[in-house]
Every structure is written in structure tokens, then in C-alpha cells.
Amino acid sequence: MVQHLAHELRQPLSAIETIGYYLKMIADGGDPKALEQIEKLQHLVDRANWILDDAIHYLQACPPRPALFDVNEMISQLCAELSLEGEHYVHLQLGENLPLTMLDPAQGEHMLKNVLALAQRVSGAPFEVRIGTAASAEQIEVQFEFSATCAPPGDLGELLSPFAADAPDGRGLALASARRIAEAHGGQARVERRGESLGVTITLPAAQSTFHAADVQ
């Protein structure tokens, strides 16, 4: 049902996005207010697509195509993409010889993007986040820490629940799909206050304690 609904909605969203790009081309250098409204239109389309993706991953959180997944590599790739989008400050402290984990690649990528998207929503500008990874013989731990300037004042556990009343506007399922994906692959997700910051920790089981990303050719 959700997949069918998403498919039906993506067609008009794609058409709106195309119209937005066309309007931006013909309005470039013209009325600043018109360009501002076009940017808002494109942002709303991006948000709608994200909410649809979030709903699909939440409902299908399971390992249909598990593969050896390099968490450090995916984090580095996502941070490189962030650096191209604007004024972002990302501080990485990635553990060496991090074991791989068995994870569906698409769901793993969405899980990490989900946390970064929430961080952007509650941090305000400029966006700054610290990301660290570590591992024991049995599990991998990914820690995110970011400013809580715009974080909800209530119970942070609500961020792990779908469509919570205190979830930031436009963030869809907040961290619910990230938690669901982690748990479906044998891991966990939790959120906590750290002074004026929020901390999100995701744990995943290590695939093999002696098999590391550096061993992959």
C-alpha cells in the first residue's frame, strides 16, 4: 500500500520539481522574491520525497539483501555530500580497523541520513555535528552529537517514535525509521541530552571480529 502510494505521489512531485527547475532557469537574474519562492518549492518537494522514503524504510525495516557494510566508508561519503550543500561543519573521529556489519546497503544509508537530517533540523545554522565510530569484539557503535537549539523540549524518547507530537516539523518519522532499521539488523538506537547538545547512538553487530574494512580489496 505505502509503496503504491509513494509511486503515485512521486510522479506529480517529479513534475513539480521539473517545473521548478524550468522556472528557476527563466527567472535567473530576475526578481529575487520569485527566485526565493522557487527555492521554497524545490525544498518542499525534497521534503515530501524524504517523508515518503522514511515511511517505506520504516515499514520495510528488515534485511532483505544483507551485505557486508562498511560504516566508516558510508559516513565519509555522506559527509562529503554535506560539504557540497552549504555551510556545514562535520568533525569525524572514525575508529580504525572497524569491523564490517551485515546490513542492507539501502537501509543502512537511509538510517545514517535519517540521523543527519534530524541533526540539521534541530541544530539551526550553521549546522555542526560530531560523528565518531568505535567497536568491540561483538558490536559497532556510531555516535552523533549536535546542537539542540531547536530540539523539542519534551521527552527525547518521542524522537524514536513514529509521528510523535514533539517531533520537529517536516522530519516525518524523526528517528523512528533509524531505530527500526537498527533493530531489524540486530542493533539498537538511543538518544540523550548532553548539556546543550543531543547525542544519538546506533549500535550494530559486528559481522566478524577479525574481518575489517581495510581487508577488503
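S.K.: Help me out: how do you make sense of the overall build of the protein in this one?
M.R.: In terms of helices and strands, the protein carries 5 helices and 7 strands. Along the protein, helices (α) and strands (β) appear in the sequence α-α-β-α-β-β-α-β-β-α-β-β when read from the amino end. Within the protein, contacts between residues at least 6 apart in sequence are counted, and of these 74% link residues at least 24 apart. Accessible surface, the protein: about 11700 Å² in total, of which carbon and sulfur atoms supply 53%.

S.K.: Whenever I open this one, the pattern of salt bridges confuses me. Can you help?
M.R.: Two side chains bearing opposite charge may form a pair once their charged atoms approach each other closely. Following the criterion strictly, the structure yields 5 salt bridges and no others. For Arg194, the salt bridge identified is with Glu145, shortest N-O distance 3.2 Å. Residue Arg194 is found in strand 6 (residues 188-194), and its partner Glu145 is found in strand 5 (residues 139-147); the two are separated by 49 residues along the sequence. Taking the relative accessible area as the measure of exposure, Arg194 reaches 24% and is therefore partly exposed.

S.K.: Help me out: how do you make sense of unusual backbone geometry in this one?
M.R.: Excluding glycine, residues mostly have negative phi values, and the peptide bonds linking residues are mostly trans. The residue Asn97 is not glycine, and still its phi comes out positive at about 55 degrees. Mapping Asn97 onto the fold places it in the loop between strand 2 (88-93) and strand 3 (101-103).

S.K.: Could you clarify how one ought to interpret the packing of helix 4 (residues 105-123) against helix 5 (residues 176-184) in this entry?
M.R.: Two numbers describe a pair of packed helices, the interaxial angle and the distance between the axes. One can describe the packing of helix 4 onto helix 5 by two numbers: an axis separation of 8 Å at closest approach and a directional angle of 145 degrees. Where helix 4 crosses over helix 5, the handedness of that crossing is left-handed. Packed against helix 4, whose contacting residues are Gln107, His110, Met111, Asn114 and Val115, the element helix 5 presents Ser177, Ala178, Ile181 and Ala182 at the interface. Along the lines of polarity and charge, the residues of the contact of helix 4 with helix 5 split into 5 nonpolar, 4 polar and no charged.

S.K.: Before we go on, may I ask you to explain the environment of Thr133 in this structure?
M.R.: By the secondary structure assignment, Thr133 is in strand 4 (residues 127-135). Each C-alpha atom, one on Thr133 and one on Ile75, is 9.6 Å from the other, the two residues being 58 residues apart in sequence. For Thr133, the contacting residues outside a window of four places in its chain are Val71, Asn72, Ile75, Gln93, Leu94, Gly95, Leu98, Glu141 and Val142.

S.K.: Teacher, can you tell me more about the sheet that holds strand 6 here?
M.R.: The strands making up a sheet are joined through hydrogen bonds of the backbone, oriented either antiparallel or parallel. Pairing within the open sheet is mixed, and its 5 strands lie in the order 2-4-5-7-6. Edge positions in the sheet fall to strand 2 and strand 6, since each of these pairs with one other strand and no more. Taken pair by pair, the neighbouring strands of this sheet meet at an average axis angle of 15 degrees, ignoring direction. Relative to strand 7 (residues 197-205), strand 6 runs antiparallel, the two being bridged by 7 bridges. Paired with Arg190 across the two strands is Thr201, which belongs to strand 7.

S.K.: For this particular structure, what's the right way to read helix 4?
M.R.: Because each turn of an α-helix spans 3.6 residues, side chains separated by three or four positions end up pointing in the same direction. Here helix 4 is 19 residues long and its end C-alpha atoms lie 27 Å apart, about the 27 Å a rise of 1.5 Å per residue gives. Capping of helix 4 at its N-terminal end is provided by Asp104; its side-chain oxygen lies 3.2 Å from the backbone amide nitrogen of Ala106.

S.K.: Explanation requested: helix 5 in the structure shown.
M.R.: Turning to helix 5, its buried residues are Ala176, Ser177, Ala178, Arg179, Ile181 and Ala182. At the exit of helix 5 stands Gly186, carrying a positive phi of roughly 85 degrees.

S.K.: Would you take a moment to explain the nonpolar core for this structure?
M.R.: The nonpolar side chains of a soluble globular protein tend to be buried, and buried together. Counting 38 residues, the largest nonpolar core has Met111, Val115, Ile131, Phe144, Phe146, Leu175 and Ile202 as its most contacted members. Secondary-structure elements contributing two or more residues to this core are helix 3 (71-83), helix 4, strand 4, strand 5, helix 5, strand 6 and strand 7. With 7 residues, the top contributor of residues to this core is helix 4. Not counting residues within four places of it along the chain, the set of residues in contact with Ile202 comprises Met111, Val115, Ile140, Glu141, Val142, Phe144, Ala182, Gln188 and Ala189.

S.K.: What's the story with the environment of Thr203 in this structure? I'm lost.
M.R.: Its place among the elements puts Thr203 in strand 7. Overall, the relative accessible area of 7% leaves Thr203 in the buried class. Separated by 17 residues in the primary sequence, Thr203 and Gly186 have C-alpha atoms spaced 8.6 Å apart. Discounting chain neighbours no more than four positions away, the residues touching Thr203 are Gln139, Ile140, Glu141, Ala182, Gly187, Gln188 and Arg190.

S.K.: Please explain the confidence of the model for the protein as it appears in this structure.
M.R.: For residues with low pLDDT, the predicted coordinates do not support detailed interpretation. With 75% of its residues at a pLDDT of at least 70, the protein reaches an overall mean of 78. Model confidence for the protein, summarised as mean pLDDT per element, is weakest for helix 1 (residues 2-27) at 72 and strongest for strand 5 at 93. In this model, residues 209-217 is a region of pLDDT below 50 whose contacts with residues beyond four sequence positions or in other chains number 15 contacts.

Scoring rules and cut-offs
Residues numbered from 1 in each chain as written. Predicted model: local features only at pLDDT ≥ 70, side-chain atom pairs only at ≥ 80, totals over all residues. Heavy atoms only, no water. Helix = DSSP H or I, 4+ residues; strand = E, 2+ residues; numbered from the N terminus. Contact = heavy atoms within 4.5 Å. Areas by Shrake-Rupley, 256 points an atom, 1.4 Å probe, with all protein chains shown as cover. Salt bridge = Lys/Arg side-chain N within 4 Å of Asp/Glu carboxyl O. Buried < 20%, exposed > 50% of the residue type's maximum accessible area, 1.4 Å probe, protein only. Axes fitted to C-alpha atoms, helices over the stretch in contact; angles between N-to-C directions. Left-handed = near helix turned anticlockwise from the far one by under 90°. Nonpolar A, V, L, I, M, F, W, Y, C, P; charged D, E, K, R; others polar. Pairing = 2+ DSSP bridges. Expected span 1.5 Å × (residues − 1). Polar contact = N/O pair within 3.5 Å; in protein donor to acceptor, adjacent residues only side chain to side chain. Core = buried A, V, L, I, M, F, W, Y, C linked by side-chain atoms within 4.5 Å. pLDDT = per-residue confidence, 0-100.

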